[in-house]
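# Examining the three-dimensional arrangement
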Amino acid sequence: MADTAVITSVITAASTNQYEGEPMTTGVAPGVTRPRIAAEEPMLIGDSWTCGSGGRIAVLDPATEELLTTVGLAGPAEVDAAVAAAMAAHRDGRWRGRTPEWRRDVLARLADLAESRAEELAVLETLDNGKPIERARGDVALGIAAIRHCAGAPARLTGAVQPAGTDRHVYTSREPVGPAALVLPWNFPFMIAAWKVSAALAAGCPVVVKPAEQTPLTALRLAALCLDAGVPAGVVDVLTGGGSTGAALVAHPGIAKVSFTGSTEVGRSVMAAAAGRVTPVTLELGGKSPNIVFADADLDRVLTTLPRTVFAHSGQMCTAGSRLLVHRSVRDEVLERLVPLVDALPVGNGLTGGITVGPLVSAVQRDRVASYLDLGRAEGATVLAGGGVRGGPGFFVEPTVLTGLGADARCVREEIFGPVLTVLEFDTDDEAVALANDSEYGLAAGIWTSDLARAHRTAAALEAGTVWVNTYNEFHPAVPFGGVKQSGIGRDLGDAAVESFTELKSVTVAL
Ligand code: NAD
């Protein structure tokens, strides 16, 4: 069968799925069109959109607490069916058996389709997660950039010929590892789905995606777009559900690779479950990233960037620069200038536009952050800005700056995952590095200095998977991203991510 014929038939089948619909324009800010959301959003197993046989999960708009829709709670039957669909797709080679060029074209088409629906995806993301619409647009763009980057990857997956003597021909090749379980967090629902799905597909692996229960909608749209782009049915399956669904998926014997993004606590249990079958894992986990301001830093630049490093996405970023380490000589100036900026950050419904701090994703998360505000006060913190929870509707916490805590305070050491900044001072470069590395996490770090040698010296000394110098939170599809220590294992993005969905095979031929 010609490739184009396959693609046409898939487009026809997918055109009936649920993401098409009349746009609605009520209940949202001017200029923003509200996408259609079905009363019950089905999951995708093989070629079927199904509501599943288990219970339902309510999906709320965290800014209004309005019920957006419900999704199914996938149980063992759905997990088995989705993994079976992915295994069948892997066995018959309907994806990995295609030429690299064919898979490249499908991924490029997926990027084009997602781009044509970028605004709809961004609005949906804001409704589902609460993040400001401008941030959601940026996330969607970065997800699409990763898909486009991965479109070029199938042809880059080469092996090597090893010089093993004249009587042997020895070479390596990269093979797709098999059906991959992709378990997603709620803070970057589309972006991380796009990163992981495109890397796995580029490697030739079918995937079973498990979005977070709080934010399943854009991963479902991405799956629909995959079908439209010509990804054969069964290659991308999506299970909606909670922790029990994720646990059943990662332990399933048909799963050959697990790529998980979420908390360190759940990451440990995912790793333990995978250990039972020696399934390889990529774990992108929590962080408590230091942002180090040296005395020679360009403070105008620092203060332009600093608020967004910790308060954007309401602090619900694994890379949030939530530990400000500042040289004692500039500490007062930094704080005097920072506090009014934090006090002035617009807090509100992310769909209204111009908002910096949207709601937390859920009441549970708001209450968790609130408990850290109480803890900070109990630990002796001075609250320089914010410190409160806003009354509903919506799950809002004020952007908060805490000073006066020691390096051992729990608010300084634990991932709060909310709009909370703690501040510590240092006197020497060594002290700055020691404070920065005094953490069980090692995801990211920021360095602010005008001294090039100090920048490189410090970058080399920091225990972190990513270091930004005189900038923060910059991502690029070609640049691997991930953590060290308890921030995880393996990398998203870059060729490293694609390769993580492959195994190297070595072939020795006696001549
Ligand atoms: P979480 O760990 O609670 O949940 C993540 C996902 O795992 C969800 O889909 C959830 O349903 C599922 N899950 C829950 N229990 C499971 C189990 N036992 N087995 C398998 N799956 C299970 O994380 P979250 O609250 O959604 O996300 C916030 C966390 O994610 C933060 O700690 C943040 O730092 C981290 N994060 C890390 C990165 C990174 O790249 N390092 C990126 C984004 C978020």
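Let me begin by describing the structure that accompanies this report. Everything numeric in this text was worked out from a predicted model, so none of it was measured.

Conventions used here
The residue numbers shown here count from 1 along each chain, following its written sequence. Local features are withheld for residues below a pLDDT of 70 in this predicted model, meaning they are given only at 70 or higher, and side-chain atom pairs are given and counted only at 80 or more; totals for whole chains, interfaces and linings count all residues. Side-chain calculation: all heavy atoms of the structure are included, whereas hydrogens and water are not. Only runs of H or I of at least four residues qualify as helices and only runs of E of at least two qualify as strands under DSSP, and these elements are numbered from the N terminus. Residue exposure (1.4 Å probe, protein chains only): buried if accessible area is under 20% of the type maximum, exposed if over 50%, otherwise partly exposed. Any two residues whose heavy atoms approach within 4.5 Å at even a single point are treated as in contact. Note on pairing: two strands pair once DSSP finds at least 2 bridges between them. In this description, a line fitted to the C-alpha atoms serves as the axis of each element, helices being fitted only across the stretch in contact, and the angle between N-to-C directions of two axes falls anywhere from 0 to 180 degrees. A crossover counts as right-handed when, viewed with the strands pointing away from the observer, the path leading from the first strand over the helix to the second turns clockwise.

We now examine the environment of Ala-233. Within the secondary structure layout, Ala-233 lies in the loop between α7 (217-229) and β10 (236-238). We classify Ala-233 as partly exposed; its relative accessible area is 24%. Along the chain, Ala-233 and Ser-48 lie 185 residues apart, while their C-alpha atoms are 8.7 Å from each other. Setting aside residues no more than four positions away along its own chain, Ala-233 makes contact with Gly-46, Asp-47, Arg-94 and Leu-227.

This part is about the sheet that holds strand β17 (residues 420-426). Sheet strands line up and pair through hydrogen bonds in the backbone, either parallel or antiparallel. Strand order in this open sheet of 7 strands is β15-β16-β17-β14-β13-β19-β20, and the pairing throughout is mixed. The open sheet has two edge strands with one neighbour each: β15 (382-385) and β20 (466-469). Taking the axes of each pair of neighbouring strands and ignoring which way they run, one obtains an average angle of 25 degrees across the sheet.

The next point concerns unusual backbone geometry. The residue after Gly-392, namely Pro-393, is reached through a cis peptide bond having omega 0 degrees. Position of Pro-393 relative to the elements: it lies in the loop between β15 and β16 (400-403). Of note, the phi angle at Glu-65 is positive, near 65 degrees, even though the residue is not glycine. Following the sequence through the fold, Glu-65 ends up in the loop between β4 (56-60) and β5 (67-72). Under the relative-accessibility criterion, Glu-65 is labelled partly exposed at 36%. Even without being glycine, Ser-314 reaches a positive phi, approximately 55 degrees.

Further remarks concern the sheet that holds strand β6 (residues 161-162). Pairing is antiparallel across the open sheet formed by 3 strands, whose spatial order is β6-β7-β23. In this open sheet, the two edge strands, each paired with only one partner strand, are β6 and β23 (502-510). The sheet contact formed by β6 and strand β7 (residues 168-176) spans 2 bridges and is antiparallel. Looking across to β7, one finds that Gln-162 is bridged to Val-170.

A separate point is the pairing of strand β13 (residues 290-293). Judged by which residues are buried, β13 turns out to be covered on both faces: Pro-290 and Ile-292 on one side and Asn-291 and Val-293 on the other are all buried. Sheet topology places β13 next to strand β14 (residues 323-327); 4 bridges connect them, and they run parallel. Bridge pairing in β14 links Pro-290 to Arg-323. Viewed along the sheet, the connection from β13 through helix α10 (residues 299-311) into β14 turns out right-handed. Relative to strand β19 (residues 444-448), β13 is paired through 3 bridges, and the arrangement is parallel. The residue bridging Asn-291 from the neighbouring strand is Gly-446, located in β19.

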